[in-house]
Amino acid sequence: MGALASPYDRKGTGVHEFAGKVAIVTGGASGIGLATTRLLAARGATVVVAGIDKSEIEQLGHLVPEGPGEVAARVVDVTDEAAVRDVVDFTVTRYGGLDIVVTAAGIQRYGTAADTTSEEWDEVLTVNLKGCHLTVRNTLPHLRARGGGAVVLVSSVQAFVTQSAVAAYTASKAALNALARSIAVDEAGNGIRANAVCPGSVDTPMLRAAARRFSDGTEAGERELIERWGRTHPLGRVARADEVAEAVGFLAGDRAGFITGVALPVDGGLLAVAPVVLP
């Protein structure tokens, strides 16, 4: 089952609004993080990708088209503060500073509050929330030194509403929205904006893994289930990762210079629709 087409498959697409900017993207070698890496690089940014999957990191050069921006990558476990500090130090030493931080690293586990184990709970909250905090904690001094910058946390529509049996995941995403507000308030005086992007269903490896889990496991079954999930959104489909990256890029850029503390749904209208349908 091939990936949905992206407008960033075309070399040179996009304006160079991030020329001269330096960005770190955690989880930047897959899914929304990869789409964000591609967008920022296509528009002139130097992007340092922090990803935990060595094979994805090794393939990154083939997945990001040549453009005006430079892309470097490091294998990083965002739950390891020393590893996070190392990639931040590498970025600042090699490229002279830091302007944009995008936290897209995350995992999904299934279970209710009653049956999620302590180990599963800790795993999800450690990656999704603590990993984000460690990234922000170690990058904020460099954003301040630059005179300001932008932080974008990749959250989820499930910070507002939730499907069944994702207690740890939805709790972690709701906490990310609160964290974005806190950063926005605390860092406004330093010229740093912080926002969250809250996607609905997006065609990513995470969504496809869920489709494999809850379908018959065939390619046709996965596709049918993803299409069914898409029909629950008023726009009638799941999002492409590059559509979410557009929102990330907007919030990271100067066009959003007076936007901070916002949790922006990119959900195809999912939050707007009531499940009660008139006959």
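Secondary structure assignment for the chain yields 8 helices and 9 strands. What you see for the chain is a C-alpha radius of gyration of 18 Å, in line with the 19 Å of a compact globule of 279 residues. Projected onto its principal axes, the C-alpha positions of the chain cover 55 × 40 × 35 Å. Taking all 279 residues of the chain together, the buried fraction comes to 48%. Taking contacts inside the chain between residues at least 6 apart in sequence as the whole, the part at least 24 apart equals 74%. Placing the 26 positive and 31 negative side-chain charges of the chain at their respective mean positions leaves the two points 4 Å apart.

The final tally for this structure, using the stated rule, is 16 salt bridges. The partner of Glu81 in a salt bridge is Arg85, and the shortest N-O contact between them spans 3.8 Å. Taken together, the positions of Glu81 and Arg85, both in helix H3 (residues 81–95) and 4 residues apart, correspond to about one turn of that helix. You can call Glu81 partly exposed: its relative accessible area is 22%. The exposure class of Arg85 is partly exposed, given its relative accessible area of 37%. Notably, a salt bridge pairs Glu219 with Arg223, separated by 3.1 Å at the nearest N-O pair.

Residues Phe160, Val161 and Leu271 make up a contiguous nonpolar surface patch of about 240 Å² in total accessible area. Topologically, Val161 is positioned in the loop between strand S5 (149–154) and helix H5 (167–187). The exposure class assigned to Val161 is partly exposed, which follows from its relative accessible area of 42%.

Let us look at the pairing of strand S6 (residues 192–199). Among the 8 residues in S6, 8 count as buried, and that is most of the element. Neither face of S6 is left uncovered, since the one carrying Ile192, Ala194, Ala196 and Cys198 and the one carrying Arg193, Asn195, Val197 and Pro199 both have all their residues buried. On the question of chirality, the crossover connecting S5 to the parallel S6 by way of H5 is right-handed. Here S6 runs beside strand S9 (residues 263–266); their pairing, made up of 4 bridges, is parallel. The residue of S9 that forms the bridge with Cys198 is Pro265.

Structurally, Asp203 can be placed in strand S7 (residues 202–203). A relative accessible area of 12% means that Asp203 is categorised as buried. Engagement of the side chain of Asp203 in a polar contact is seen with the side chain of Arg208, the distance being 2.6 Å.

Let us look at the sheet that holds strand S3 (residues 71–75). In spatial order, the strands read S3-S2-S1-S4-S5-S6-S9; together these 7 strands make up an open sheet with parallel pairing. The open sheet has two free edges, formed respectively by S3 and S9, since each of these has just one partner strand. Looking at each pair of strands side by side, their axes are set apart by 20° on average, direction ignored. With 5 bridges connecting them, strand S2 (residues 46–51) and S3 associate as parallel partners. Residue pairing for S3: Val47 is matched across the bridge by Val71. The strands touched by helix H1 (residues 31–42) are strand S1 (22–26), S2, S3, strand S4 (100–103), S5 and S6; relative to S1, the strand with the most contacts, the crossing angle is about 170°.

Moving on, we come to the packing of H3 against helix H4 (residues 118–145). As a packed pair, H3 and H4 sit with axes 9 Å apart at the nearest point and diverge in direction by 30°. Judged by the angle between their axes, H3 and H4 are roughly parallel. Seen along the crossing, H3 lies across H4 with a hand that is right-handed. Contacts between H3 and H4 involve Glu81, Val84, Arg85, Val88, Asp89 and Val92 from the first element and Leu134, Thr135, Arg137, Asn138, Thr139 and His142 from the second. Partitioned by chemical class, the residues of the contact of H3 with H4 number 4 nonpolar, 4 polar and 4 charged.

Conventions adopted
- Residues numbered from 1 in each chain as written.
- Predicted model: local features only at pLDDT ≥ 70, side-chain atom pairs only at ≥ 80, totals over all residues.
- Heavy atoms only, no water.
- Helix = DSSP H or I, 4+ residues; strand = E, 2+ residues; numbered from the N terminus.
- Rg over C-alpha atoms; globule rule 2.2 N^0.38 Å.
- Buried < 20%, exposed > 50% of the residue type's maximum accessible area, 1.4 Å probe, protein only.
- Contact = heavy atoms within 4.5 Å.
- Lys, Arg positive; Asp, Glu negative; His and termini not counted.
- Charge placed at Lys NZ, Arg CZ, Asp CG, Glu CD.
- Salt bridge = Lys/Arg side-chain N within 4 Å of Asp/Glu carboxyl O.
- Patch = residues over 30% accessible without salt bridge, like charges linked within 9 Å, V, L, I, M, F, W, Y side chains within 5 Å.
- Areas by Shrake-Rupley, 256 points an atom, 1.4 Å probe, with all protein chains shown as cover.
- Right-handed = clockwise from strand over helix to strand, strands pointing away.
- Pairing = 2+ DSSP bridges.
- Polar contact = N/O pair within 3.5 Å; in protein donor to acceptor, adjacent residues only side chain to side chain.
- Axes fitted to C-alpha atoms, helices over the stretch in contact; angles between N-to-C directions.
- Parallel < 35°, antiparallel > 145°, perpendicular 65-115°, else oblique.
- Left-handed = near helix turned anticlockwise from the far one by under 90°.
- Nonpolar A, V, L, I, M, F, W, Y, C, P; charged D, E, K, R; others polar.

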